[in-house]
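# Tertiary structure, described
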Amino acid sequence: MKFFKILLPGFEKKLALPPAFSIHLNGEDTRHRNAILSSDLGGSWPVKIGVHRRGMWFLKGWSEFVADHGLFSLDFLLFEYQGDLRFRVTVFGRNACERDFVCLVHDEEQVVEEEEEESTDDARRRRRRTEEVEYDDLSFEVRINKFTYSTPVFIPLKCRRAMRLRQSRIESVKIQGEDGRSWTMEVRQGPDRGYFCSRGWKPFHKEMGLKQGDVCIFKLCSPTLIKFALLRSPSPAAAH
């Protein structure tokens, strides 16, 4: 059983399941069990299914799936129900092409971030792991809309792992444009364990004169350097 969803504004916190599909879950214990979402990114995401008079919704845990996959409004998701509340999710961008996720090594030593200060040996091991990361395919897009000025930019899981972000710590990252200009942004952890660029995003947005329809392409070059390219949306006059 498969169904699709086009992400519309407001999708970040919850997602309604199609009524025609929801009837297939009537026999499942959605009250005491979570749905499990998986994708080509690797790993799995537990998501609470809420049942209301108006239907079923993905609720708690959905926003983490959104943040980890860097989803945007008008992205297209194909859900394949595998039974036992398990869903395989395929992501398509606004260009109608399947999103290509880079799956990094799921090694606990690499992924789990330590709260305490690292010893000298720990720091050396961390540097060696960072040097082993291939950065060629570590990039993500931000499509500018009327919400992006005031909304933090989430960093997809594939880039977060390569950046070795540590829980509950604010990190700094340098954004460098093609013309050599650069901006410093803070990267911090959100309430749903996703990471996002916070302080520095609004000045960057304003200085670049970003407008609805523009596409920002961010390419990770090192744990603290992200290069930036901008694809301007055609003006209404140019479109005629």
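What counts, and where the lines are drawn
- Residues numbered from 1 in each chain as written.
- Predicted model: local features only at pLDDT ≥ 70, side-chain atom pairs only at ≥ 80, totals over all residues.
- Heavy atoms only, no water.
- Pairing = 2+ DSSP bridges.
- Helix = DSSP H or I, 4+ residues; strand = E, 2+ residues; numbered from the N terminus.
- Axes fitted to C-alpha atoms, helices over the stretch in contact; angles between N-to-C directions.
- Contact = heavy atoms within 4.5 Å.
- Salt bridge = Lys/Arg side-chain N within 4 Å of Asp/Glu carboxyl O.
- Buried < 20%, exposed > 50% of the residue type's maximum accessible area, 1.4 Å probe, protein only.
- Phe/Tyr/Trp six-rings, centres within 6.5 Å; stacked < 30°, edge-to-face > 60°.
- Lys NZ or Arg CZ within 6 Å of the ring centre and 35° of its normal.
- Core = buried A, V, L, I, M, F, W, Y, C linked by side-chain atoms within 4.5 Å.

Spatially, 1-7-8-3-4 is the arrangement adopted by the 5 strands of the open sheet, whose pairing is mixed. One side of each edge strand has no neighbouring strand; the edge strands of this open sheet are strand 1 (2-6) and strand 4 (44-47). Averaged over neighbouring strand pairs, the angle between their axes works out to 30° when direction is ignored. Alignment of strand 3 (residues 35-38) against strand 4, held across 4 bridges, turns out to be antiparallel. Pairing of Ser-38 across the sheet is with Ser-44, part of strand 4. Strands in contact with helix 2 (residues 62-69) are strand 3, strand 4, strand 7 (76-83) and strand 8 (86-92); relative to strand 4, the strand with the most contacts, it is inclined by about 150°.

A few words now on the pattern of salt bridges. Counted according to the given criterion, the structure contains 8 salt bridges. Arg-33 serves as the salt-bridge partner of Glu-28, at 3.8 Å between the closest nitrogen and oxygen. With a shortest N-O distance of 3.9 Å, Arg-199 and Glu-186 are connected by a salt bridge. Of this pair, Arg-199 sits in the loop between strand 13 (195-197) and helix 6 (201-207) while Glu-186 sits in strand 12 (residues 182-189), and the two are 13 residues apart along the sequence. Bridged by salt links that share partners, the residues Glu-28, Arg-33 and Asp-84 form one connected network.

This part covers unusual backbone geometry. One non-glycine residue with positive phi stands out, namely Leu-74, at about 80°. Structurally, Leu-74 can be placed in the loop between helix 2 and strand 7. Although it is not a glycine, Asp-84 sits at a positive phi angle of roughly 55°. Relative to the helices and strands, Asp-84 is located in the loop between strand 7 and strand 8. Residue classification places Asp-84 among the partly exposed residues on the basis of a relative accessible area of 45%.

One open sheet holds the 3 strands; their spatial order is 2-6-5, and the pairing between them is antiparallel. At either end of the open sheet lies a strand with only one pairing partner, and these are strand 2 (15-16) and strand 5 (49-52). In terms of strand pairing, strand 5 meets strand 6 (residues 55-58) through 4 bridges, oriented antiparallel. The partner of Ile-49 across the bridge, within strand 6, is Phe-58.

All told, the structure shown has 19 aromatic pairs when counted by the stated rule. Each ring, one from Phe-3 and one from Phe-79, has its centre 4.9 Å from the other, and the planes form 10°; the classification is stacked. Taken together, the residues Phe-3 in strand 1 and Phe-79 in strand 7 connect sequence positions 76 residues apart. Assessed through its relative accessible area of 0%, Phe-79 is described here as buried. Measuring from ring centre to ring centre gives 5.5 Å for Phe-21 and Tyr-81, while their planes differ by 80°; the resulting arrangement is edge-to-face. Placement of Phe-21 in helix 1 (residues 19-22) and of Tyr-81 in strand 7 is noted, with a sequence separation of 60 residues between them. Residue classification places Phe-21 among the buried residues on the basis of a relative accessible area of 2%. Residue class for Tyr-81 comes out buried when judged on its relative accessible area of 13%. Across the ring face of Trp-57, the terminal group of Lys-14 is positioned such that the distance to the ring centre comes to 4.6 Å.

What follows is about the nonpolar core. As a rule of thumb, soluble globular proteins bury nonpolar side chains together. Ranked by internal contacts, the top residues of the largest apolar core, which has 28 residues, are Val-142, Trp-201, Phe-204 and Phe-218. Elements represented by at least two residues in this core include exactly strand 9 (139-143), strand 10 (153-155), helix 5 (157-163), strand 11 (171-177), strand 12, helix 6, strand 14 (215-222) and strand 15 (225-231). Apart from the residues within four sequence positions on either side, Phe-204 is in contact with Ile-175, Trp-183, Met-185, Leu-210, Phe-218 and Phe-228. The next biggest cluster of nonpolar side chains, apart from the first, holds 27 residues, and it includes Leu-15, Leu-37, Leu-41 and Phe-65.

Just geometry here; none of it tells us what the structure is for.
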